[in-house]
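# What the coordinates show
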Amino acid sequence: MAQFQKTSALSHGIDLTPALWKSFLAGQRQACARLITKVENEPDSIAEVREKLAGRIGKAVRIGLTGPPGVGKSTLSSAIALGLANRDHRVGVIAVDPSSPFTGGAFMGDRIRMENLVGDSRIYMRSLASREGHGGLSPATPHVADVIEAFGMDRILIETVGVGQAELDVLDCTDMVVLILQPSTGDAIQSLKAGIIEIADIIVVNKSDLPGTDTVLQSLRFVYSLGGSNRRPAPPIIATSCQQNEGIDKLVDEIEGAAATLIESGRHEELRRRRIVNEIRSGIQRRLWERYIAESDVERTIERVARDLVQNGESPYAFVRDACSRIELKSRPKEA
Amino acid sequence: MSEYPIKVVIGKPGLDGHDRGAKVVARSLVEAGMEVVYLGLRQTPESIVAAAIDEDADAVGLSVLSGAHMTHFKRVRELMVDQGLGDRLLTGGGIIPTKDQETLTALGVGKLFGPGDDPGTIAEYIRDWVRTHPRMEAK
Ligand SMILES: Nc1nc2c(ncn2[C@@H]2O[C@H](COP(=O)(O)OP(=O)(O)O)[C@@H](O)[C@H]2O)c(=O)[nH]1
Ligand SMILES: [Mg+2]
């Protein structure tokens, strides 16, 4: 974490006191805010927090909203959140913005477009900086979503800039992805990364009040008519205008329709299972690595080995094999 | 214990129309390594404090150039104290006579800056304040 040993770093921890936990359960936003900060700032505390949250998470539908900068993701997230709240959902909104790799700072302007959400008790909005997620999502994102779900939210929107790593990360921690474009993206569609176009569950052309909307809709339909060998049915393509309040209801209908299908088909549970598998895997990796590092002077050994390897041009894998053969698992894990 | 950046919420209460100054300060805090949640124009004291709660801000910054600084800073401070943010910094900028600064200081408002101040000193002030004022968690 050398990256954040920067000028404005803090290191005060947050105690998970009974009082804090009690206010969280009583629905106090201040407590939810503190708990989010805790999982964001103290990766070592995630196990403790996660255990406390058990039984309160797993039901919410997590929806990624991604697309190029400036297409209206925040404006639309706000409209969708209100639409969902008006259909008796409680909605969490997480907007992730990039951290500067140089200073560790981040400018987070999504709330400028989310004014309508402020003071609405059915909605909880939080801005997250991507931190050590290196251009993608903050590694804390799924844990922040867990805290927000445990706070009582059953729909969670996660807004990310859809370029590079972020669009892949968002797939890992959501149940469905909405790709947002705008009329001027026209020609850019051809060059959009194959990945996101194939994986998006719903496509939105926002700013349909601007000229060029029909052209984009046509090229999108064309792209999907080509089909892909392994693609599911073409996703719905919806035109919206936040400015004219057009298409928003239809979009919320589509999202809710997709959510219902996810749940009924068992796919929602399957995705959750996969995320838990990943959580277990990375938890084990982390713990084993920490133990390995702690039990010997291995960090310095690795440095020395690396220096030698650079000099004689050899591969590091002999060392890896040797190191692994020294880690003996005392027994196989018990079945739960 | 890992280290993490200071988080600041910046907003402009009232109806006066431009936020260039607030944006310049926001950018300079980002350059100083802070995470800045920028709320934009035409905020109310209520909306600023509500955002500061959800964001769990370490500090709240207001930009008030309309001359209504007494009303806005006082009201935001009251709301912060009422809503459990009494242990966070409230700072900001405007054209603030010494007498007004003294009155606001007595109400628990932090140091306020003027148009001539170097944004770098604002970052430094926030950093020092936050470092020397750990949160008071309810036990
Ligand atoms: N004309 C038009 N402008 C919009 C619409 N939706 C959002 N915008 C504007 O697009 C700009 C970027 O919006 P924002 O939500 O911040 O985009 P983001 O960067 O994708 O989150 C803002 O100036 C919005 O007011 C729309 O439907 N029509
Ligand atoms: Mg945005």
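Just above sits the structure.
A brief look at the structure comes next. (Residues numbered from 1 in each chain as written. Chains lettered and ligands numbered in written order. Predicted model: local features only at pLDDT ≥ 70, side-chain atom pairs only at ≥ 80, totals over all residues. Heavy atoms only, no water.)

Let us now look at the site of ligand 1. Residues and elements named next belong to chain A. The full set close to ligand 1 counts 16 residues, and Gly 70, Lys 73, Thr 75, Asp 209 and Cys 242 are the nearest of them. The contact in question runs from an oxygen atom of ligand 1 to an N or O atom on the side chain of Thr 75, over 2.6 Å. With the chains in place, 76% of the 590 Å² that ligand 1 exposes on its own is no longer accessible. It is helix α4 (residues 73-86) that provides the largest number of residues to the shell around ligand 1, a total of three residues. Partitioned by chemical class, the residues of the shell around ligand 1 number four nonpolar, seven polar and five charged. (Near = heavy atom within 4 Å. Polar contact = N/O pair within 3.5 Å; in protein donor to acceptor, adjacent residues only side chain to side chain. Areas by Shrake-Rupley, 256 points an atom, 1.4 Å probe, with all protein chains shown as cover. Helix = DSSP H or I, 4+ residues; strand = E, 2+ residues; numbered from the N terminus. Nonpolar A, V, L, I, M, F, W, Y, C, P; charged D, E, K, R; others polar.)

Once that is clear, we can look at a negative patch on the surface. Residues Asp117(B), Asp118(B), Glu124(B) and Asp128(B) make up a contiguous surface patch of negative charge. Checked against the element boundaries, Glu124(B) lands in helix α5 (residues 119-132). (Patch = residues over 30% accessible without salt bridge, like charges linked within 9 Å, V, L, I, M, F, W, Y side chains within 5 Å. Salt bridge = Lys/Arg side-chain N within 4 Å of Asp/Glu carboxyl O. Lys, Arg positive; Asp, Glu negative; His and termini not counted. Charge placed at Lys NZ, Arg CZ, Asp CG, Glu CD.)

Residue and element names in this part refer to chain A. What the seven strands build is an open sheet, ordered β5-β3-β6-β2-β7-β8-β9; its pairing is parallel. Among the strands making up the open sheet, the edge pair consists of β5 (123-129) and β9 (237-239). Within the sheet, the average angular offset between the axes of one strand and its neighbour, ignoring direction, is 20°. One ladder, built from seven bridges, connects strand β3 (residues 91-97) with β5; its direction is parallel. The partner of Ala 95 across the bridge, within β5, is Ser 127. (Pairing = 2+ DSSP bridges. Axes fitted to C-alpha atoms, helices over the stretch in contact; angles between N-to-C directions.)

Residue and element names in this part refer to chain A. Even without a glycine there, the phi angle at Arg 131 is positive, about 45°. Among the secondary structure elements, Arg 131 is positioned in the loop between β5 and α5 (141-150). Of note in this structure, Asn 245 is not a glycine but carries a positive phi near 50°. Secondary-structure assignment places Asn 245 in the loop between β9 and α10 (248-265).

Quick look at the interface of chain A and chain B now. Many structure descriptions define interface size as the accessible area lost when the parts assemble. At the junction of the two partners, chain A supplies 42 residues and chain B supplies 42 residues. The contact between chain A and chain B buries some 3,700 Å² in all, and 51% of this surface belongs to carbon and sulfur atoms. Counting across the chain A and chain B interface gives four salt bridges. If you look at where chain A meets chain B, you find 16 residue pairs in polar contact (both at pLDDT 80 or more). Looking at the side of chain A that touches chain B, the elements that each hand over two or more residues are β1 (9-10), α2 (29-41), β4 (106-108) and β5 of chain A. (Contact = heavy atoms within 4.5 Å. Buried area = accessible area lost by both parts, 1.4 Å probe.)

So, on to the nonpolar core. Among the nonpolar cores identified, the biggest contains 47 residues, and Phe24(A), Leu35(A), Leu53(A), Ile94(A), Val147(A) and Leu220(A) are the most heavily contacted of them. In terms of nonpolar packing, the next biggest core, distinct from the first, is built from 31 residues, Ile63(A), Ala85(A), Leu157(A) and Leu271(A) among them. (Core = buried A, V, L, I, M, F, W, Y, C linked by side-chain atoms within 4.5 Å. Buried < 20%, exposed > 50% of the residue type's maximum accessible area, 1.4 Å probe, protein only.)

Residue and element names in this part refer to chain B. Burial of strand β5 (residues 89-94) is extensive: six of the six residues sit out of reach of the surface. Residues Leu 89, Thr 91 and Gly 93 of β5 are buried on one face, and the alternating residues Leu 90, Gly 92 and Gly 94, pointing to the opposite face, are buried as well. Bridging between strand β4 (residues 59-64) and β5 involves six bridges; their strand directions are parallel. Considered in β5, the bridge of Gly 61 is made with Thr 91. In this fold, the crossover linking β4 to β5 by way of helix α3 (residues 69-82) has right-handed handedness. The handedness of the β5 to strand β6 (residues 112-113) crossover, carried by helix α4 (residues 98-106), is right-handed. (Right-handed = clockwise from strand over helix to strand, strands pointing away.)

With respect to topology, six strands assemble into an open sheet ordered β4(A)-β3(B)-β2(B)-β4(B)-β5(B)-β6(B), the strand pairing being parallel. Unpaired on one side and paired on the other, β4 of chain A together with β6 of chain B mark the two borders of the sheet. In this fold helix α1 (residues 20-31) of chain B packs onto β4 of chain A together with β2 (7-13), β3 (35-43) and β4 of chain B, with an angle of close to 170° to the strand it touches most, β3(B).

Right, let's get into the coordination of the magnesium ion (ligand 2). All names here are of chain A. Coordination of the magnesium ion (ligand 2) by the protein comes from Ser 74 (OG), Asp 110 (OD) and Glu 159 (OE), over a distance range of 2.2 to 2.3 Å. Each donor residue of the magnesium ion (ligand 2) lies on one chain, and together they are spaced S-x35-D-x48-E. Within this pair, whereas Ser 74 is found in helix α4, its partner Asp 110 is found in the loop between β4 and β5, the two being separated by 36 residues in sequence. Accessibility expressed as a relative area gives 8% for Ser 74, which makes it buried. (Donors = N, O, S within 2.8 Å, 3.2 Å for Na, K, Ca; no water.)

Attention now moves to the environment of Arg113(A). All names here are of chain A. Assignment of secondary structure puts Arg 113 in the loop between β4 and β5. Expressed as a C-alpha distance, the spacing of Arg 113 and Leu 76, which sit 37 residues apart in the sequence, is 8.6 Å. Apart from the residues lying within four places of it in its own chain, the contact partners of Arg 113 are Ser 74, Thr 75 and Ser 78.

Our focus in this paragraph is the pairing of strand β6 (residues 155-161) of chain A. Residues and elements named next belong to chain A. Burial of β6 is extensive: six of the seven residues sit out of reach of the surface. Inspection of the sheet shows strand β2 (residues 61-67) paired to β6 by seven bridges, in the parallel sense. Each residue of the ladder has a partner; that of Val 61, found in β6, is Arg 155.

All names here are of chain A. An ideal rise of 1.5 Å per residue puts 21 Å on 15 residues; helix α12 (residues 298-312) measures up with 21 Å between its terminal C-alpha atoms. All of the buried residues along α12 are Val 298, Val 305 and Leu 309. Around the axis of α12, the buried residues are gathered within 40° of arc, so they sit on the same side. Relative to its buried face, α12 has exposed residues pointing more than 90 degrees away, namely Glu 299, Arg 300, Glu 303, Arg 307, Val 310 and Gln 311. Positioned one or two residues after α12, Gly 313 has a phi angle of 70°, which is positive. (Expected span 1.5 Å × (residues − 1). Arc of directions from axis to C-beta.)

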